[in-house]
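Topology and contacts: notes
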Amino acid sequence: MASSMRRPGFQRERRHGALLEPADRRQLERDGWRTTLDFRENHVRGLDGRLLRVEPVWIAEAERFSGQVEVACAEGSTAEEAWAQLAADVAADNTRTYQRVRVARA
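Residues numbered from 1 in each chain as written. Predicted model: local features only at pLDDT ≥ 70, side-chain atom pairs only at ≥ 80, totals over all residues. Heavy atoms only, no water.

1. Observations regarding the overall build of the protein chain
Formally: Only DSSP runs of H or I reaching four residues or more are called helices, and only runs of E reaching two or more are called strands; each is numbered from the N terminus. The rule is simple: take the accessible area with a 1.4 Å probe, protein chains only, and divide by the maximum for that residue type; under 20% is buried, over 50% is exposed, in between is partly exposed. Note on definitions: a residue-residue contact is assigned when non-hydrogen atoms from the two residues lie within 4.5 Å. In short, Shrake-Rupley with a 1.4 Å probe defines the accessible areas, and a residue's cover is counted only from the protein chains shown.
If you tally the helices and strands in the protein chain, you get 3 helices and 4 strands. Put simply, the protein chain runs from its N terminus to its C terminus through helices and strands in the order α-α-β-β-β-α-β. Relative to its full complement of 106 residues, the protein chain shows a buried share of 22%. Considering only contacts within the protein chain whose residues lie at least 6 apart along the sequence, 39% involve residues at least 24 apart. With the model as given, the accessible surface of the protein chain reaches about 8,600 Å², and the carbon-plus-sulfur share is 48%.

2. What about the nonpolar core?
Here is the rule: Only buried residues count toward a nonpolar core. Its members are Ala, Val, Leu, Ile, Met, Phe, Trp, Tyr and Cys residues joined through side-chain atoms within 4.5 Å.
Core analysis: the biggest nonpolar cluster contains 10 residues, these being Leu28, Trp33, Ala60, Ala62, Ala72, Ala74, Ala82, Trp83, Leu86 and Val90. Of all the secondary-structure elements, those providing two or more residues to this core are β2 (51-65), β3 (69-76) and α3 (79-91). Here this core gets 4 residues from one element, more than from any other, and that element is α3. Once residues within four sequence positions are removed from consideration, Ala82 is found in contact with Trp58, Ala60, Ala74, Glu75 and Gly76.

If you want it as structure tokens, here you go:
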């Protein structure tokens, strides 16, 4: 029998520790956005071809469908920076909207 069935008012503590996702991403997902995070490296080279530095780039994306598709994208040098920028863009309604979307039926 599950613990919630034995003691309905009992609240268990979280067992899996601290939350790993940034708060900005969790809030976007609560608001109905589907989110993804990608990583790439920009290799900066000198004129002689030697590698001078590697710049990390995190790309956070969000999309949702509510009669039309809304898409937002932001970049940052850290994942947290990318999520914060994406959340700010969504809050400022800095998104692209696609109205002609074909929905396939299964």
